Amino acid sequence: MVTIAVDAMGGDDAPKAEVEGAIRAVRSLGVKVILVGKRDIVRAELDKHEDTDGLPIEIHHASEQVTMDDSVKAVRNKRDSSIRVAARLVRDGVADGLVSAGNTGAVMATAKQVQGMLPGVDRPAMAAAFPTLKGTPVIVVDVGANVDSSARMLAQFAVMGDIYSRVIFHTYRPRVGLLSIGEEEHKGNELTRAATPLLKALPIHFIGNVEGRDIYAGETDVIVCDGFIGNVALKVSEGLVEMVSKMLRESLEATITRKIGSLLARRAFNEFKKRVDYAEYGGAPLLGVKGVCIVTHGRPNANAIKNAIRVAAEFAEGNINEQIEAELASGQLVGASAAAKAD
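## Brief notes about the overall build of the protein chain
A count of helices and strands for the protein chain gives twelve helices and eleven strands. When each of the 343 residues of the protein chain is scored for burial, the buried share is 51%. Put simply, of all contacts in the protein chain between residues at least 6 apart along the chain, 72% involve residues at least 24 apart. Carbon and sulfur atoms provide 51% of the accessible area of the protein chain, an area that totals close to 15900 Å².

This is the structure in structure tokens:
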């Protein structure tokens, strides 16, 4: 049975969503969950739910909590924080992966320090799944782990995103694009122009530059960018979904009067929400660290936590890290660097 450690004190309303999401996960996914946090608080929340006796859920005490306002220094000083304890469980082999809705910077810094980095990876990257018009998700890497990236890092992101798309979403030969301001190769900034020859030299299906509007078209399976741009795209997308959902709901309530029409509209609206809801995709894996680390939304609901646990379990069972390490160690990036210098 796959075991996932959940940072029960990470989210804005912790541990409510974390506990309920863990219960949903063990009941439907066949996994074991270790809830990491202040024992009394987590136990009190767990006791609010009925029929939890016998479920494969454990509580592992952690006396400290990292908040969204904590600095990197504060994170390092909190040696017994829930995120650090959860990362140690992964490092020590007690858990196969961890899920956290906490401070993204704190989660990344802790995972790097405690779990360590895969050989051949300069910096970890967060990979988020975006909905598309084709109904299949596109993986965007990086969406916030690195404000500044090098061309070599973008090449590493492409390799990791390609593997993630193949293993988790079963994409045959993923189409990989580089996010820029135009499809033409000469467009973009210094970073994208330097990254292009590296990406061309990799044994992936690189299709060239793609624009922001292409994220949702479904013609690309993996899109690579630096974390600053990726995080802006992610937050704009979340805000747009909230706005469109609210406007659509208001319009339906104002214009539909007949019950049959209202019922059909409600079903269509619920289907729309499911297609664009971040909670359905479960969170963003931190690619490049040893072990499995999934970062979910800072305001998660129980469904988001459940799906984040599902992604963590699939990530562990798919041996994605082993594949990343093997492909990066095969000399691909060395060859890509040589090709770039030749150009």
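Further notes follow.
## Topic: the sheet that holds strand 7 (residues 175–179)
Sheet strands pair via backbone hydrogen bonds, and the direction of the pair is either parallel or antiparallel. The strand order 3-2-1-4-11-10-5-6-9-7-8 describes an open sheet built from eleven strands, whose pairing is mixed. Both outer strands of the open sheet, strand 3 (57–61) and strand 8 (205–210), are each paired with one neighbouring strand and no more. Each neighbouring strand pair of the sheet contributes to a mean axis angle of 25 degrees, computed without reference to strand direction. Taken together, the three bridges between strand 4 (residues 97–100) and strand 11 (residues 293–295) define a ladder with parallel strand orientation. Among the inter-strand pairings, Ser-100 is bridged to a residue of strand 11, identified as Val-295. Strand contacts of helix 6 (residues 151–168): strand 5 (125–130), strand 6 (138–141), strand 7, strand 9 (222–224) and strand 10 (284–287), with the helix running at about 165 degrees to strand 9, the strand carrying the most contacts.

## Brief notes about a nonpolar patch on the surface
Together, Val-147, Phe-228, Ile-229, Val-232 and Val-236 line one region of the surface with nonpolar side chains, adding up to about 450 Å² of accessible area. Accessibility expressed as a relative area gives 53% for Val-147, which makes it exposed.

## Observations concerning the packing of aromatic side chains
Counted by the stated rule, this structure contains three aromatic pairs. Ring centres of Tyr-164 and Phe-169 lie 5.9 Å apart, and the angle between their planes is 85 degrees; on these two criteria the pair is classed as edge-to-face. Ring plane angle 40 degrees and centroid distance 6.2 Å describe the contact between Tyr-164 and Phe-315, whose orientation is recorded as tilted. Pair noted here: Tyr-164 is in helix 6 and Phe-315 is in helix 10 (residues 302–317), with a separation of 151 residues, a long-range link. Phe-315 shares its class with Tyr-164; the two are buried. The structure contains a cluster of three or more aromatic residues connected by ring pairs, namely Tyr-164, Phe-169 and Phe-315.

## Structural notes on the packing of helix 4 (residues 82–91) against helix 5 (residues 104–115)
Contact geometry of helix 4 with helix 5 gives a least axis separation of 9 Å together with a crossing angle of 35 degrees. Crossing handedness for the pair helix 4 and helix 5: right-handed. Side by side, helix 4 and helix 5 meet where Ile-83, Arg-84, Ala-87, Arg-88, Val-90 and Arg-91 of the first sit next to Val-107, Thr-110, Gln-113, Val-114 and Gln-115 of the second. By residue class, the composition of the contact of helix 4 with helix 5 is five nonpolar, three polar and three charged.

## What to know about the side chain of Gln-115
You can see Gln-115 is positioned in helix 5. Judged by relative accessible area, Gln-115 falls into the buried class, the value being 7%. Among the polar contacts listed, one links the side chain of Gln-115 to the backbone oxygen of Lys-290, at a separation of 2.6 Å. Every residue in contact with Gln-115, bar those within four places of it in the chain, is listed here: Ala-87, Val-90, Leu-98, Thr-110, Val-289, Lys-290, Gly-291, Val-292 and Cys-293.

## Focus: the pairing of strand 10
Residues Ala-284 and Leu-286 of strand 10 are buried on one face, and the alternating residues Pro-285 and Leu-287, pointing to the opposite face, are buried as well. Of the strand pairs in this sheet, strand 5 and strand 10 are connected by two bridges, and their pairing is antiparallel. Residue pairing for strand 10: Met-126 is matched across the bridge by Leu-286. As defined by bridge partners, strand 10 adjoins strand 11 across two bridges and the pair is classed as antiparallel. Across the sheet, Ala-284 pairs through a bridge with Val-295, a residue of strand 11. Taking the residues between adjacent antiparallel strands as the criterion, strand 10 and strand 11 are bridged by five residues, where Gly-288 takes a positive phi near 110 degrees.

## A word on helix 5
In this model helix 5 runs 16 Å from its N-terminal to its C-terminal C-alpha over twelve residues, within 8% of the 16 Å that 1.5 Å per residue would give. Listing the buried residues of helix 5 in full gives Ala-106, Val-107, Met-108, Thr-110, Ala-111, Val-114 and Gln-115. The distance from a side-chain oxygen at the start of helix 5 to the backbone nitrogen of Gly-105 is 3.0 Å, and the residue carrying that oxygen is Asn-103.

## Here we look at the pairing of strand 6
Of the two faces of strand 6, the one lined by Val-138 and Val-140 and the one lined by Ile-139 and Val-141 are each fully buried. Sheet topology places strand 5 next to strand 6; four bridges connect them, and they run antiparallel. Each residue of the ladder has a partner; that of Phe-130, found in strand 6, is Val-138. Note that strand 6 and strand 9 share three bridges and pair parallel. Pairing of Val-141 across the sheet is with Val-224, part of strand 9.

## Details of the pattern of salt bridges
This structure, assessed with the given rule, holds 15 salt bridges. Note that Lys-48 is salt-bridged to Glu-45, the shortest N-O span being 3.2 Å. You can call Glu-45 buried: its relative accessible area is 11%. Linking Arg-91 and Asp-92 is a salt bridge whose minimum nitrogen-to-oxygen distance equals 3.0 Å. What makes Arg-91 partly exposed here is its relative accessible area of 45%.

Conventions and cut-offs
- Residues numbered from 1 in each chain as written.
- Predicted model: local features only at pLDDT ≥ 70, side-chain atom pairs only at ≥ 80, totals over all residues.
- Heavy atoms only, no water.
- Helix = DSSP H or I, 4+ residues; strand = E, 2+ residues; numbered from the N terminus.
- Buried < 20%, exposed > 50% of the residue type's maximum accessible area, 1.4 Å probe, protein only.
- Contact = heavy atoms within 4.5 Å.
- Areas by Shrake-Rupley, 256 points an atom, 1.4 Å probe, with all protein chains shown as cover.
- Pairing = 2+ DSSP bridges.
- Axes fitted to C-alpha atoms, helices over the stretch in contact; angles between N-to-C directions.
- Patch = residues over 30% accessible without salt bridge, like charges linked within 9 Å, V, L, I, M, F, W, Y side chains within 5 Å.
- Salt bridge = Lys/Arg side-chain N within 4 Å of Asp/Glu carboxyl O.
- Phe/Tyr/Trp six-rings, centres within 6.5 Å; stacked < 30°, edge-to-face > 60°.
- Left-handed = near helix turned anticlockwise from the far one by under 90°.
- Nonpolar A, V, L, I, M, F, W, Y, C, P; charged D, E, K, R; others polar.
- Polar contact = N/O pair within 3.5 Å; in protein donor to acceptor, adjacent residues only side chain to side chain.
- Expected span 1.5 Å × (residues − 1).

The values are spatial; any link to function lies outside them.
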